[in-house]
Amino acid sequence: MYEFDKEAYRKRTAWFTEARFGFYIHWGIYAIPGRQNSEWIRSIEQIPAEVYEPFAKEFTAEHYDPKKWARMAKDAGMKYAVMITKHHDGFCLFDSKLTEFKAPAYCGRDLIREFVDAFRAEGLRVGLYYSIIDWHHPDFMHKADIYHPDRSRPDVTDEGRDFNRYLAYMHGQVRELMTNYGKIDVLWLDYSYPNPAGTDMIGETWEATKLVRMVRELQPEIMIDNRLECGGHGFGSLMTAHPNEFSGDFVSPEQIVPPNGLFNELGERVVWESGVTINNNWGYCQLDKNFKPADMVIKKLVECVSKGGNLLLNFGPDRRGDIPEECEQILAEVGRWMRRNGESIHGCGCAELEKPEYGRITRNGNKLYYHVMESQITYVYLPGVSRSQIKKIRLLRDGTELKIVEDWITTNYPELVFVSLGASPVLPDPIDTVIEVELLEA
Ligand code: GLC
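Parameters and conventions
- Residues numbered from 1 in each chain as written.
- Predicted model: local features only at pLDDT ≥ 70, side-chain atom pairs only at ≥ 80, totals over all residues.
- Heavy atoms only, no water.
- Helix = DSSP H or I, 4+ residues; strand = E, 2+ residues; numbered from the N terminus.
- Rg over C-alpha atoms; globule rule 2.2 N^0.38 Å.
- Buried < 20%, exposed > 50% of the residue type's maximum accessible area, 1.4 Å probe, protein only.
- Contact = heavy atoms within 4.5 Å.
- Areas by Shrake-Rupley, 256 points an atom, 1.4 Å probe, with all protein chains shown as cover.
- Lys, Arg positive; Asp, Glu negative; His and termini not counted.
- Charge placed at Lys NZ, Arg CZ, Asp CG, Glu CD.
- Core = buried A, V, L, I, M, F, W, Y, C linked by side-chain atoms within 4.5 Å.
- Pairing = 2+ DSSP bridges.
- Right-handed = clockwise from strand over helix to strand, strands pointing away.
- 1 Å grid on protein atoms, 1.4 Å probe; cavity = no way out; pocket = protein on both sides within 12 Å on 5 of 7 lines; lining within 4 Å.
- Points joined across faces, edges and corners; volume = space filled by probe spheres on them.
- Nonpolar A, V, L, I, M, F, W, Y, C, P; charged D, E, K, R; others polar.

Colleague: Would you mind showing me how to read the overall build of the protein here?
Modeller: Counting its regular elements, the protein contains nine helices and 14 strands. The C-alpha atoms of the protein give a radius of gyration of 24 Å, which matches the 22 Å a tight globule of 442 residues would have. With respect to the principal axes defined by its C-alpha atoms, the protein has extents near 85 × 50 × 40 Å. Per-residue burial for the protein yields a buried fraction of 57% across its 442 residues. Long-range pairs, those at least 24 residues apart, make up 70% of the contacts in the protein between residues at least 6 apart in sequence. Surface exposure of the protein reaches about 18700 Å², of which carbon and sulfur atoms provide 50%. Treating the 52 positive side-chain charges of the protein as one cloud and the 67 negative ones as another, the clouds have centres 4 Å apart.

Here's what the structure looks like:
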């Protein structure tokens, strides 16, 4: 009987909960249709393989420069990256021996090898996303699947399709990814779903226990997402007192920061990572210019950390391998803030203190980080601490000392702690000015 080992789990997840900020890349031949929901376009528009798959010939990747991406991610304060190795359309970006529907057969490069080499060289951890769904493989159900692009074609049947053969292929590709690319830090399997047209595509339908055992044997320290049990909907058994063997290691909310963080049924915080797109698409979408500005990215990152989670921020490059220029500027700006304030993110988590009206608090051991996102009249109030607990207070961006203010303005609040950020009504960092409070004891 499988018993969830809490201690091993805590060790395995430690780096991840310190890293807090990751780079996510959705890249594939769907960049060529490049419309809204491009990586799903084959399913949404029910495009036949004969029409969709030739896009592979235009997937040239000639501007692909993962070293540049790695530097961008690192400068933005990201500590890990996750790249699509195969999405639901079945096109592989890695050199799989099990298919010819892969980038190396078209652009002549193993895009995943270059990714892992480049990101590791910059000191980032590397993760691989692999779709357990596959609309290219002949043995994946076509009619008996609610999402298959051929689901409503009268000329298509499921006769002769052998799902076990597909499973052998899928497990075989995961084995390749876990064997051929050195140490992999995250495996992002995507995803499980109820399937009114046939068997539910959840858990053991994927031979989940066997798959996870293989992965953990090949990569003992790896972090796995929770999507052998669920998709963006649902949380899986990590939320229970007895997670399954294939529960994975983190919950993966999507396009949302969970309002109160996430807790299991014992009331303990669970490890989670919010996947969020920089605009409103995972894959490249030419018309989508709804990029989230840098200040929003910073504030959402702070929000994730203050609720005990990670932010995995996604970018969709075009077929040549260019990330939209707007994204480079946003990341550079995030990086400027992170360079001065990264200590309030990395290694930090929920402070378990009352949230101040002007912002949020993050915490790393005996250090509290007050994120001031709104100018205050004269002084900034620091809730949750008393004078006797405080060792010192610093402005994080430059390390200058901040003294507790006691004057006629604060006399009516003798128990409360206030500091001054100076006479200007504009904050030293208008996006988020961080005050570091070191406590005598954690
Ligand atoms: C959602 C999308 C999928 C994307 C994933 C990223 O499940 O449908 O296309 O790859 O989120 O986490």
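Text resumes after the structure shown.
Colleague: For this particular structure, what's the right way to read the nonpolar core?
Modeller: Ranked by size, the top nonpolar core spans 121 residues in total, and within it Phe-23 and Phe-119 carry the most contacts. Residue contributions to this core peak at eight residues, all from helix H6 (residues 163-180). In this structure, Phe-23 is in contact with Trp-69, Ala-73, Met-78, Tyr-80, Ala-81, Val-82, Phe-119, Leu-312, Leu-313, Phe-315, Ile-323 and Leu-331, ignoring residues within four places of it in sequence. Within the second largest apolar cluster, 20 residues are counted, among which are Ala-351, Val-380, Leu-382 and Val-385.

Colleague: I'm lost on the pairing of strand E14 (residues 433-439) in this one. Help?
Modeller: Two faces belong to every sheet, and in a regular strand the side chains alternate between them. In terms of burial, E14 is a largely internal element, seven of the seven residues being buried. Alternating positions in E14 separate into two faces, Thr-433, Ile-435, Val-437 and Leu-439 on one and Val-434, Glu-436 and Glu-438 on the other, with burial throughout. Note: strand E10 (residues 367-372) against E14, six bridges, orientation antiparallel. The residue bridging Tyr-370 from the neighbouring strand is Ile-435, located in E14.

Colleague: Quick question: what am I supposed to make of the pairing of strand E6 (residues 272-277) here?
Modeller: E6 sits mainly inside the fold: six of its six residues count as buried. Here E6 shows two buried faces, one formed by Trp-272, Ser-274 and Val-276 and the other by Glu-273, Gly-275 and Thr-277. One ladder, built from six bridges, connects E6 with strand E7 (residues 309-315); its direction is parallel. The partner of Thr-277 across the bridge, within E7, is Asn-314. Handedness of the E6-helix H8 (residues 294-306)-E7 crossover: right-handed.

Colleague: Which parts of the structure should I look at to understand the sheet that holds strand E5 (residues 223-224)?
Modeller: Sheets are built from strands paired through backbone hydrogen bonds, the pairs being either parallel or antiparallel. Ordered by their spatial adjacency, seven strands build an open sheet running E5-E4-E3-E2-E1-E7-E6, and the pairing between neighbours is parallel. Two strands bound the open sheet, and with one partner strand each, they are E5 and E6. Sheet topology note: the strand E1 (residues 21-25)/strand E2 (residues 80-86) ladder contains four bridges and is parallel. When the bridges of E2 are listed, Ile-25 appears paired with Met-83.

Colleague: Help me understand the sheet that holds E10, please; the structure alone is not making it clear to me.
Modeller: Read across the sheet, five strands follow the order E8-E9-E10-E14-E12 without closing on themselves; strand pairing throughout is antiparallel. Each edge of the open sheet is held by one strand with a lone partner, namely strand E8 (349-350) and strand E12 (390-395).

Colleague: Which parts of the structure should I look at to understand empty space enclosed by the protein?
Modeller: Where empty space is left in the structure can be found by rolling a water-sized probe over the atoms. Under the criterion given, the structure shown has two cavities of 30 Å³ or more. Lining the largest cavity we find 14 residues, and of these Asn-279, Tyr-284, Phe-291, Gly-316 and Pro-324 sit closest to its centre. Looking at side-chain class alone, the lining of the largest cavity contains seven nonpolar, five polar and two charged residues. As for the second largest cavity, its lining consists of Val-276, Lys-292, Val-297, Lys-300, Leu-311 and Leu-313. Of all the elements in the fold, those that place two or more residues in the lining of the second largest cavity are H8 and E7. Split by residue class, the lining of the second largest cavity holds four nonpolar, no polar and two charged.

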